[in-house]
Structure formats: structure tokens, C-alpha cells
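Read off the chains here:
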Amino acid sequence: MTAPIPKPWIMDIAPYVPGRSKTDDGRVVAKLSSNENPLGTAPQARAAFDAAHGSLERYPDAGAAELREAIAASCDLDPARVIYGTGSDEVLHLAAGAFAGPGDEVIFVRYGFAVYEIATRRVGALPVIAPDRDYATDVDAILAAVTDKTRIVFVANPNNPTGTFIAREEIARLHAGLPKWVLLVIDQAYAEYIDAEDDDHGLELAKTKPNVLVTRTFSKIFGLAAERIGWGYASAEIIDAMHRIRAPFNVTTAGQAAAIAALAATDFVDASRAHNAQWREWFAGEIEKLGNAGLRAVPSKANFVLVLFEGQVTAEQAYHGLMDRGYIVRWLPGQGLPNALRISIGTAQETQGVAAALREIVAG
Ligand SMILES: *Cc1c(COP(=O)(O)O)cnc(C)c1O
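Summarised in this report is the structure supplied together with it. (Residues numbered from 1 in each chain as written. Predicted model: local features only at pLDDT ≥ 70, side-chain atom pairs only at ≥ 80, totals over all residues. Heavy atoms only, no water.)

Considering the site of the ligand
Part 1 of the reasoning: For the ligand, the set of nearby residues contains 13 residues, the closest of which are Asp187, Tyr190, Thr217, Ser219 and Lys220.
Part 2 of the reasoning: Here Asp89 contributes a backbone N or O atom positioned 3.0 Å from an oxygen atom of the ligand.
Part 3 of the reasoning: In this structure, an oxygen atom belonging to the ligand sits 2.6 Å away from a side-chain N or O atom of Ser219.
Part 4 of the reasoning: When the ligand is considered free in solution it has 380 Å² of accessible area, and contact with the protein chains removes 94% of it. (Near = heavy atom within 4 Å. Polar contact = N/O pair within 3.5 Å; in protein donor to acceptor, adjacent residues only side chain to side chain. Areas by Shrake-Rupley, 256 points an atom, 1.4 Å probe, with all protein chains shown as cover.)

This is the structure we're talking about:
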């Protein structure tokens, strides 16, 4: 050996491809590639972030005590059972690190969140892909994939990149069908976009069952993607195991302060949810009008729409056509979706603009 050799399972990882922030020529009309909040963040959160600059030389609170209290108060949880991460991405990695390893299997859906595969392979475990049902999560397919080696099931609800959502009865049926040794991770990165009456009751399961972890993030509706803060909730035993491998000071001082203020800014969150629902429905309607050109919107409960291209104009052509007009969206050939574009809901102007650009592209 003439040089260090990475573990083989590490070299099997296809690196994560983030949403682009610049067009080919550098001109950006709208960045609709990363499901960020087009309304920004709450003014109170920005103010709290700004005020935190006085203690740059000090480490953050390693226990994130105030943040955990604020999260627990907002969702009626036990603060001792809240874990926090550098984005919920870190929480997903902690789950994989604590509960899966070489020889184990981890299940997720075919069009699932890209981080699940990276987190699985990183610990030397084997990804097992459950087929979708018309792009949505198929509980029966997941249950059929379970073996003695299964250790984790990752389900995002709503799912990214499809935007699909399964009802609480389906989540309950999934949990009930899993062996007791399997950790069910319900990734709720977009939970705040769901109307309260449609809640999938994932947190209720995490409160009462010994094998359910719910993850949430401040990156999406709260508009704090730059600060990288997520959290998770599970039994005391699961949280204890995850803390053992968590980086000691993984959430910044300014980030903790901003997140606490963001949780209190319920008006901003409500306005963001209403804006998103209004423009998502409008945008899906515009796509429906392009149905004769082979465009189809997958039904979404999140802050983006997956648009399928099943006619003359391909997703790749539309991706470049939008790019030429300054609209950055996500084309996902690396995730098995060469026929689709994921388009985040932007401001009113951005959403109308991207719809008009698609009409133009389809008209040739
Ligand atoms: C965006 C997203 C996350 C995590 O984002 P963080 O910024 O790391 O908190 C997790 N899961 C899904 C499904 C997402 O879309």
C-alpha cells in the first residue's frame, strides 16, 4: 500500500449534489432548487441572530438547553428527549451511526431523500430500496422489504423529492408492521406545511413507542437554512445512544438564539404556510393546463412540486430552458428521476415567472 485506502463502503457513496445557486451565465431570477422559504425568516429570528455576535470567542451551549426547552414547549414534548443536530441531516446520520453497521440493512423508498443512502453506506450498512406507488411511499412495499437484518426504516412525510404525503393511518400501519428491533425514522422536514388536522401523528408515536424517531428542521418553513439546525425526538434510550456520537458543540450560539425566536414567531410560520398552500395549488393548476404537452404535477403537501415530463419536451430540455431564463430548479437524474424537475414554491412573482417560462418552453 502506497497511500491510505478509504473503506470500500465509503467509495460506494455517490456524493450529495446540492441545488445550484447560480445559473450557467451567473444571472439568477429565482433560486427554486433547495426548498428554502421565499419569504425569508421571521424578523425576530434575524434580530436574535444579530444580537448573538457579542460572544464569538465562547463555545455555544453544548446542551442547547434553552433551545430544547423551546422546542419541547412548542410541541408538548419532554426537553430531555430532544436531540439537536447541524441540520436534521446530522440527526439522520446519528440514527444510522447508532443503530446500523456492517451487515445490517436500512430501508427507504425509491424516490427518497438522498441523505438516507449516504447515511446508510457511511456506516457500512446496506441500502434496501422499496418500490414506490406512483411516486408515493408504499407501506406494503416497505414492509415486504423487511428482513432479520433490517435495523432502520427512513420515511420522509411529506417526502422529498416527490412531495407526496401518507396519512396517519398509513404511518400507524407501517409502525405496527415493523419488528420491534427496527427503528422507524419519520423525517418531518416539511411537517409545518401540513394543516394541523392532517398531522401524521409521528410525534405521538415518538412519545409513546420505543422504536420511533421523528426529525424536524429549522431550514425549511422557519427560514434558517444557513444556520444548520435540526432536531429529533425519541425514547430516552434512543436519544442517549445518539448523543454518544454527536459532535460536542454542533449547534452555533447564533443559530440556537435564532431558532428559539423563530419558534415564537408563529405569525410568520402561519403566513409562510398560507403563502405556500396558495401558490402550490396555483402552480399545480398551471402544470395541469400543460397536460397535453405531457406535463404532470405529482400531488404535493410540501413547499415544492415534482413536475413529470412525459411528452415531447424532456425534463432536461426544460431544465436548461429555465436556466437560460434565470430560473434554477432541481433536475434529478442521479436519483432515478431523469424525467422530472423539482420546483420549489417561490414568491408570487417567482412562481408566476417560472410557470410562464415553462409555458414558453413547452410552446417551443
Ligand atoms: C431539507 C431536508 C432535510 C434536512 O435539512 P437540514 O437543513 O439538514 O435540516 C431533511 N429531510 C428532508 C426530507 C429534507 O428535504
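Looking at the pairing of strand 13 (residues 337-344)
Part 1 of the reasoning: Along strand 13, 6 of the 8 residues are buried, which leaves the element largely enclosed by surrounding structure.
Part 2 of the reasoning: Across 5 bridges, strand 10 (residues 304-309) lies against strand 13 in antiparallel orientation. Pairing of Leu306 across the sheet is with Arg342, part of strand 13.
Part 3 of the reasoning: The sheet contact formed by strand 12 (residues 330-332) and strand 13 spans 3 bridges and is antiparallel. Across the sheet, residue Arg330 finds its bridge partner in strand 13, namely Arg342.
Part 4 of the reasoning: Where strand 12 folds back onto strand 13 in an antiparallel hairpin, the turn is made up of 4 residues, including Gly336, whose phi is positive at roughly 80 degrees. (Buried < 20%, exposed > 50% of the residue type's maximum accessible area, 1.4 Å probe, protein only. Helix = DSSP H or I, 4+ residues; strand = E, 2+ residues; numbered from the N terminus. Pairing = 2+ DSSP bridges.)

Examining the sheet that holds strand 2 (residues 82-86)
Part 1 of the reasoning: Strand order across the open sheet formed by 7 strands is 2-8-7-6-5-3-4, with mixed pairing between neighbours. Of all strands in the sheet, those bounded by a partner on one side alone are strand 2 and strand 4 (126-130). Taken pair by pair, the neighbouring strands of this sheet meet at an average axis angle of 25 degrees, ignoring direction.
Part 2 of the reasoning: In this structure, strand 2 lies alongside strand 8 (residues 229-233), joined through 5 bridges in antiparallel fashion. Across the sheet, Thr86 pairs through a bridge with Ile229, a residue of strand 8.
Part 3 of the reasoning: Where helix 9 (residues 236-243) meets the sheet, it contacts strand 2, strand 6 (183-187), strand 7 (212-217) and strand 8, and its direction lies at approximately 30 degrees from that of strand 2. (Axes fitted to C-alpha atoms, helices over the stretch in contact; angles between N-to-C directions. Contact = heavy atoms within 4.5 Å.)

Just geometry here; none of it tells us what the structure is for.
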